[in-house]
Amino acid sequence: MSDTIRWAQDGDGVVVLTMDAPGQSANTMNEAFVTALSATVERLEAERETLTGVVLSSAKRTFFAGGDLDEIIRLRPEDAATFTAHAQAIKGLLRRVETLGKPVVSVIAGAAMGGGLELALATHRRIIADVPGAQVGLPEVGLGLLPGAGGIVRTVRMLGVATALPKVLLSGARFTPAQALEIGLVDDVVATVDDLLPAARAWIAANPAPVQPWDVKGFTIPGGTPAGGALAGQLPFMAAGLRSQVNGAPAAAQRAIMAAAVEGSQVDVDTAGLIETRYLVSLAVGQEAKNRIRSTFFDMQAIKSGASRPKDVPASSVSSVVVVGAGMMGAGIAYVAAKAGIDVILKDVTLEGAQRGKAHAEKIEAGLVAKGRTTQDRSDALLARITFTDSYDDCRGVDLVVEAVFEDVELKQKVFAELQGVVGDDVLLASNTSTLPITSLAAAVSRPDDVVGLHFFSPVERMALVEIVKGERTSPRTLARAFDFVQQLRKTPIVVNDSRGFFTSRVIIARLDEAVALLGEGVDPASIEQAGLQSGYPAGPLQLLDELTLTLPRAIREQAKQAVLAGGGTWTPAASEAVFDALIDVHGRTGRVGGGGFYDYDEAGKRVGLWPGLREHFTHVAGDPAQELPFKDLQERVLFAEALEAYRAFDEGVIETEPDANVGSLLGIGFPAWTGGALQYVHQYAGGPAGFAARATELAAQYGDRFLPPASLAVLEAQV
Ligand code: NAI
């Protein structure tokens, strides 16, 4: 036997199998594991009469990690037959485990996610220890895949289609031991790791010959099947629910999961398994899964492991921070810092202003306590970490400063200048500016090396991204410390150079400008919004603009224009400019806060519909041809505008790595998740970067030079 699955039999005849892939930090479903599993199953069958039961355990921190994503991301359509055989072989082995005729128990002391839970579902009982890190779930949907080692087949039979689909398979949720017990994914929770084996042995002794419920004659699935039972009535609503949830966007995994669950519920276990395999293979050889695997796994791993962090600076952590400016952003930053265990001083001009900032944290915490998501004690301790003041005197002794005062260069310079006289010589000076050059803010202090941009997104407590901006003088040590701070806040850092709009603002403006240009050409506004939603953006571009307020992109544009003119250049107006100007100056429409923008709002601020004036002033005056643009062009003009801008930022060195660009576009500005990010969209386009460049050239010929691809794009090395 190999070391991958160790075999140990005791005097009672119980075989303890320990999964312990040599040289790997986790057990994965690689070739060595499948070989070991196959040999183990053969031996279990051969020695069936001399054993009383089997315990499946792991020597690693996690129980089992699932499929090997390095292998899956490389699968091509021509690999479909081989991959089908591979998946079926694993399923066959798992069926032999559950039909062994002897009790098989999984003991779980860490994470059993994805393939790990699927392995455990093929045993007769799952016992989990209530220890930190112990959790179960089937998160494959987030990778654009489905649980293809029996996860759909078995959860459907255990919980019923109406529970398994929304709660486990489509949500991809992680369950704590208590939650897993409640929903029925595990059977028993014990207090410590040491309690696992005794509990398993006791169950084996009491259940000498268990049979899975679905192998008992006359078994029916809880809640029934589409052919009968409650499910028949629920199914149309479930399908409609999924439809409204994905809003017409590409969602191959969700559709495949629903189909495999519903179709599989109408046939026997083995046929259901084959259906599940077929859908898995269709996803695994397709592009969407590769995009999602790249962004959610490989790109995130590159970021987390510090690819953009200077290597030779030792790791640092912060224990106290002063946040200057307790407005919307400052209050949010204070809250997430306190949540991460950091002491926070909130400083504003007046004590009342500072206190309002703390009230924001109190409000969020009260909501969490009411929902049972935190305890009163934990909440009290978190809030006690936030103090507020109107005086710099209280800010001595902190490790880090974040300023979030009004967006005004002189004010921010003044704040930094005042602070440097108060805080220690080594304290990092960070600014949450969304548009001002970091280098200009650093000019106000005697140690510009310590100044850095920390661009948080709103609402801070929900947005995972922080854009770290390097000024001309920002030192590698400062950058590394800022990076560590962002990770300490459990947020995702990307690193960008100090350039107009940094990365995310620059890219999103390209999207919004293009959408508004379409309106100016006479495209119906409802089609523009639909094109955005069906491309997979979380909201239509016009709706988003109303939230941002139309004057904001115009102010950014005016700044950019002044800079170009001051530098002696000529300003080429974007196609969107006339539309913005007419809406703001002629029609007085500035967005939701201003009472109306592209949409109308009722008194409570609720969106009631597109402003009819849009059609009157734009759609009907531009003439017919524009209204008949192909829907694909409406979608691609916006996607390309944004992807091209992201590529230009990369090409110019504003952002230095592809993972930073992809993750920044996904987490910061809602680039469609199925694409894997703004640069991955270029890679995955039919024909790769060259294909994207060819299509961009086509769009340029038809719609304008802004679509002309940079020369380096067509020769960009393709990646899957
Ligand atoms: P805000 O207007 O809600 O808050 C600004 C706060 O700063 C106010 O409480 C004000 O009293 C305080 N303040 C002004 N002068 C001060 C001084 N000398 N000392 C101490 N406090 C002072 O503004 P918001 O939206 O929170 O923005 C703050 C910064 O964050 C700006 O630089 C903005 O560009 C940036 N930002 C804003 C985002 C947003 O979505 N609102 C997103 C990312 C960055």
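Scroll up for the structure.
Residues numbered from 1 in each chain as written. Predicted model: local features only at pLDDT ≥ 70, side-chain atom pairs only at ≥ 80, totals over all residues. Heavy atoms only, no water.

Caption draft 1: Main features of empty space enclosed by the protein. Across all of its chains, the model carries two cavities of 30 Å³ or more by this definition. Of the pockets and cavities examined, the largest cavity occupies roughly 130 Å³. Taken together, 14 residues make up the lining of the largest cavity; nearest its centre are L17, L37, L56, V97 and V104. Those elements that provide at least two residues to the lining of the largest cavity are α1 (31–46), β3 (53–58) and α3 (80–98). For the lining of the largest cavity, the element with the highest residue contribution is α1, accounting for four residues. Its boundaries defined by the atoms lining it, the second largest cavity holds a volume of some 50 Å³. Around the second largest cavity, the lining residues are L518, I528, A531, G532, S535, Y537, P541, L634, Q635 and V638. Elements that contribute at least two residues to the lining of the second largest cavity include exactly α20 (525–535) and α26 (631–651). Residues that form the lining of the second largest cavity fall into these classes: seven nonpolar, three polar and no charged. (1 Å grid on protein atoms, 1.4 Å probe; cavity = no way out; pocket = protein on both sides within 12 Å on 5 of 7 lines; lining within 4 Å. Points joined across faces, edges and corners; volume = space filled by probe spheres on them. Helix = DSSP H or I, 4+ residues; strand = E, 2+ residues; numbered from the N terminus. Nonpolar A, V, L, I, M, F, W, Y, C, P; charged D, E, K, R; others polar.)

Caption draft 2: Broad picture of the packing of aromatic side chains. On inspection of all chains with the given rule, the structure shows twelve aromatic pairs. Seen in terms of ring centroids, W674 and Y681 are 6.3 Å apart; in terms of plane orientation they differ by 85°. Their pairing is edge-to-face. The same class applies to W674 and to Y681, which are both buried. Taking the centre distance of 6.1 Å and the plane angle of 90° together, the rings of Y681 and F692 count as edge-to-face. On the criterion of sequence distance, the pair formed by Y681 in helix α28 (residues 678–684) and F692 in helix α29 (residues 688–703) is long-range, its members being eleven residues apart. Given the relative accessible area of 2%, Y681 is considered buried. Cluster of aromatic residues (ring-pair linked, three or more members): Y537, F640, F671, W674, Y681, Y685 and F692. (Phe/Tyr/Trp six-rings, centres within 6.5 Å; stacked < 30°, edge-to-face > 60°. Buried < 20%, exposed > 50% of the residue type's maximum accessible area, 1.4 Å probe, protein only.)

These results come straight from atomic positions and should not be treated as a statement about function.
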